[in-house]
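Fold and geometry: a report
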Amino acid sequence: MRNARTLPALAYGEFSRRVHEQATGVHHVTNAQLELTYRCNLHCRHCYTDPYNHRDWIAQELSFSEIIRVIDDMAEIGILWLNLTGGEVFQHPRFWDIYEHAYRRGFLLQLYTNGTLFTDAVVTRLQAQPPFTIDISCHAVDESSFDWFTQVPGSFRAFRRGLELLRQADLPFTLKTKGMNWNRQQLPAIKYFVESFGQPFSVTTTLSPRLDGDLSSLSYRMAPADVATLQLDMMGGTPSEEECRTAAGLLQRPADRLYRCGCGTNTIHINAQGELGTCTLQYERRYSLRAYSLRDAIERLFQDIASLHYTSDVPCRTCELQSFCDKKPTEAHRECGSPDAPIPYNCDVAVARAELATNQRLIHPLRVSR
Ligand code: SF4
Ligand code: SF4
């Protein structure tokens with residue numbers, strides 16, 4: 001009798017790290033985000049997809065069979081992590097057919113949801129075929145603020161009911177918070193609420209223009225000084241300049257590359273109309289999956305992203321604060337008219353963060369004489 005062989009066990013974190021490290025080196029796509037629909041039962045005031053939650057735009061979304069084809073193509077090229085998002089995923093009329101198909105194809109499924117549509121029936125179906133994780137937005141923990149922000153009365157009660165159902169069902173979920181000017185004072189209460197579910201509190205602060213170019217969502221931005229101190233106040237520390245520089249340096253991008261982040265390495269984003277991009281808000285280059293195969297579109301897209309460079313002598317090109325800065329070229333395009341342009345708000349945040357990290361006064365990048 002042959003000796004029985006056992007597969008070596010690997011902790012999930014180590015498995016994920018190894019896969020991403022190897023994939024990034026060879027530009028192999030392991031992660032995908034797929035927007036199923038822009039339908040949503042809420043109308044959050046900062047939401048970038050909300051203008052497309054309208055029948056004229058919904059009519060242009062991928063059909064059920066197109067979505068299934070895209071999912072099959074993802075499985076073919078070896079994508080492991082699939083994030084289904086919206087809009088609100090549970091508002092897609094064929095959500096369960098899509099979910100169960102993706103589940104059977106073996107993806108590690110991540111659902112983004114507002115948490116207001118969970119029922120006993122939904123939870124029972126998820127228990128039978130559990131997702132890898134469910135990410136739920138949590139920007140307020142009192143009824144009047146929550147319902148004001150979602151513009152839907154009763155949404156807070158539905159959200160609380162949903163969380164209780166998930167907790168009782170022992171399904172894996174994570175709460176994520178966006179820090180804004182209107183909820184800045186409420187963040188300690190939100191942190192307390194999140195931690196009551198045994199979860200670490202995490203908060204992000206970036207807001208984006210809406211997909212139709214409307215900039216009103218940016219009016220909820222937190223003051224730059226508050227963004228800088230948030231990490232200190234709520235997360236128990238601030239990154240050192242050295243840490244920030246090391247993190248940026250690992251990417252080894254040429255100084256004048258437009259995309260200095262990890263865009264175009266191992267992650268793709270597909271919007272509800274089937275346009276392939278590198279991440280949620282990268283709209284400088286997109287390829288329609290109605291015109292190109294997934295494999296072909298990825299190849300073209302990644303080449304395009306790698307070839308985009310600053311074309312003029314703008315401050316961002318040589319900015320020494322770039323490792324403290326959240327600027328994204330498409331947001332610069334929408335807010336300031338060009339992907340090359342500095343975004344004054346992002347400059348203010350970068351200066352505030354850098355001054356906090358280095359404990360010295362710095363020259364604002366837009367006030368440097370050139
Ligand atoms: S729940 Fe999400 S998709 Fe719906 S309006 Fe709010 S932010 Fe937009
Ligand atoms: S801090 Fe300002 S100038 Fe520097 S990279 Fe960011 S947006 Fe550009």
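Only a predicted model underlies this, so the values are computations on that prediction, with no experimental measurement involved.

Let's talk about the overall build of the chain
The secondary structure content of the chain amounts to 13 helices and nine strands. Sorting the 370 residues of the chain into buried and exposed places 35% on the buried side. A sequence separation of at least 24 residues applies to 70% of the contacts in the chain between residues at least 6 apart.

Description of the environment of Leu-175
Its place among the elements puts Leu-175 in strand E5 (residues 173-178). For Leu-175, a count of 22 C-beta atoms within 10 Å gives the class buried. Once you skip the residues sitting within four places of it in the chain, Leu-175 turns out to touch Ile-136, Cys-138, Val-194, Phe-197 and Gln-199.

Some words on the site of ligand 1
Taken together, Cys-40, Leu-42, His-43, Cys-44, Cys-47, Thr-49, Asp-50, Gly-86, Gly-87, Glu-88 and Asn-114 make up the full set of residues near ligand 1. Looking at the shell around ligand 1 residue by residue, the classes come out as four nonpolar, five polar and two charged.

A few points about the packing of helix H6 (residues 143-150) against helix H7 (residues 155-169)
Direction vectors running N to C along H6 and H7 enclose 110°, while the axes themselves pass 8 Å from each other. Here H6 is positioned roughly perpendicular relative to H7, judged by the angle of their axes. Across the interface between the two elements, Glu-143, Phe-146, Asp-147 and Thr-150 of H6 pack against Ser-155, Phe-156 and Phe-159 of H7. Partitioned by chemical class, the residues of the contact of H6 with H7 number three nonpolar, two polar and two charged.

Description of the nonpolar core
Formed by 41 residues in total, the largest nonpolar core has its most connected members in Ala-32, Leu-36, Leu-82 and Leu-276. Secondary structure elements with two or more residues in this core: strand E1 (31-35), helix H3 (64-76), strand E2 (81-85), helix H4 (95-104), strand E3 (108-113), strand E7 (267-270) and helix H11 (294-307). Not counting residues within four places of it along the chain, the set of residues in contact with Ala-32 comprises Met-74, Ile-79, Leu-82, Asn-83, Ile-268 and Ile-270. Grouped together as the second largest cluster of nonpolar side chains are 18 residues, Cys-40, Cys-138, Val-141 and Leu-187 included.

Things to note about the site of ligand 2
Around ligand 2 sit 13 residues in total, of which Cys-316, Cys-319, Cys-325, Cys-347 and Ala-350 are the nearest. Among the residues making up the shell around ligand 2, the classes are represented as ten nonpolar, two polar and one charged.

Focus on the packing of helix H5 (residues 120-128) against H7
The geometry of H5 relative to H7 is characterised by a closest axis approach of 10 Å and an angle of 35° between their N-to-C directions. Classified by chirality, the crossing of H7 by H5 is right-handed. Contacts between H5 and H7 involve Asp-120, Val-123 and Gln-127 on the former and, on the latter, Leu-165, Leu-166 and Ala-169. Residue composition of the contact of H5 with H7, grouped by class: four nonpolar, one polar and one charged.

Digging into the confidence of the model for the chain
For any part of a model where pLDDT is low, the fine detail of the predicted coordinates should not be relied upon. Per-residue pLDDT for the chain has a mean of 90; in total, 88% of the residues score no lower than 70. Within the model, pLDDT remains below 50 along residues 243-254, and this stretch shows eleven contacts once partners closer than five positions in the same chain are excluded.

Thoughts on the pairing of E1
For E1, the tally of buried residues reaches four of five residues, placing the bulk of the element in the interior. Inspection of the sheet shows E1 paired to E2 by five bridges, in the parallel sense. Across the sheet, residue Ala-32 finds its bridge partner in E2, namely Leu-82. Two strands pair when backbone bridges link them, and E1 and E7 are joined in this way by four bridges, in the parallel orientation. The residue bridging Leu-34 from the neighbouring strand is Ile-270, located in E7.

Re the environment of Met-234
For Met-234, the location among the structural elements is in helix H9 (residues 224-235). C-alpha of Met-234 to C-alpha of Ser-202: the two residues are 32 residues apart in sequence and 8.4 Å apart in space.

A few points about helix H13 (residues 344-358)
In this model H13 runs 21 Å from its N-terminal to its C-terminal C-alpha over 15 residues, within 8% of the 21 Å that 1.5 Å per residue would give. Those residues of H13 that fall on the buried side of the exposure criterion are Tyr-345, Asn-346, Cys-347, Val-349, Ala-350, Val-351, Arg-353, Ala-354 and Ala-357. Just downstream of H13 lies Asn-359, where phi reads positive at about 60°.

Quick notes on unusual backbone geometry
Between Gly-86 and Gly-87 the backbone carries a cis peptide bond, its omega angle lying at 20°. Note on placement: Gly-87 falls in the loop between E2 and H4. In this model, Gln-151 sits at a positive phi of 60°, which is unusual for a non-glycine residue. With respect to the helices and strands, Gln-151 occurs in the loop between H6 and H7. Under the C-beta neighbour-count criterion, Gln-151 is labelled partly exposed, with 13 such atoms within 10 Å. Of note in this structure, Asp-170 is not a glycine but carries a positive phi near 60°. You can see Asp-170 is positioned in the loop between H7 and E5. According to the C-beta neighbour criterion, Asp-170 is exposed, with 9 such atoms within 10 Å.

Parameters at a glance
- Residue positions are given per chain, counted from 1 along the sequence in the order it is written.
- Here chains are named by letter from A upward and ligands by number from 1 upward, in the order in which they appear as written.
- Side-chain atom pairs in this predicted model are given and counted only at pLDDT of 80 or more, local residue features only at pLDDT of at least 70, and totals for whole chains, interfaces and linings cover all residues.
- Secondary structure elements follow DSSP: runs of H or I no shorter than four residues count as helices, runs of E no shorter than two count as strands, and numbering proceeds from the N terminus.
- Three exposure classes are used, all based on how many other C-beta atoms lie within 10 Å of a residue's own C-beta (placed from the backbone): buried at 20 or more, exposed at 12 or fewer, and partly exposed between those limits.
- Working definition of a contact: two residues with C-beta atoms, positioned from the backbone, lying within 7 Å.
- Residues are classed as near a molecule or strand if the C-beta position derived from their backbone is within 6 Å of it.
- The nonpolar class holds Ala, Val, Leu, Ile, Met, Phe, Trp, Tyr, Cys and Pro. Asp, Glu, Lys and Arg form the charged class, and all remaining residues, Gly among them, are polar.
- Axis definition: a line fitted to C-alpha atoms, limited for helices to the stretch in contact. Angles are taken between N-to-C directions and run from 0 to 180 degrees.
- To sort the angles, those under 35 degrees are grouped as roughly parallel, those over 145 as roughly antiparallel, those from 65 to 115 as roughly perpendicular, and the leftovers as oblique.
- In plain words, the nonpolar core is the set of buried Ala, Val, Leu, Ile, Met, Phe, Trp, Tyr and Cys residues that C-beta atoms within 7 Å link up.
- Should the near helix be turned counterclockwise from the far one by less than a right angle, the crossing is left-handed, whereas a clockwise turn marks it as right-handed.
- What pLDDT expresses is the predictor's confidence in each residue, scored from 0 to 100.
- The criterion for strand pairing is that DSSP finds at least two bridges linking the strands in question.
- In this scheme, a helix's expected span is set at 1.5 Å multiplied by one less than its residue total.

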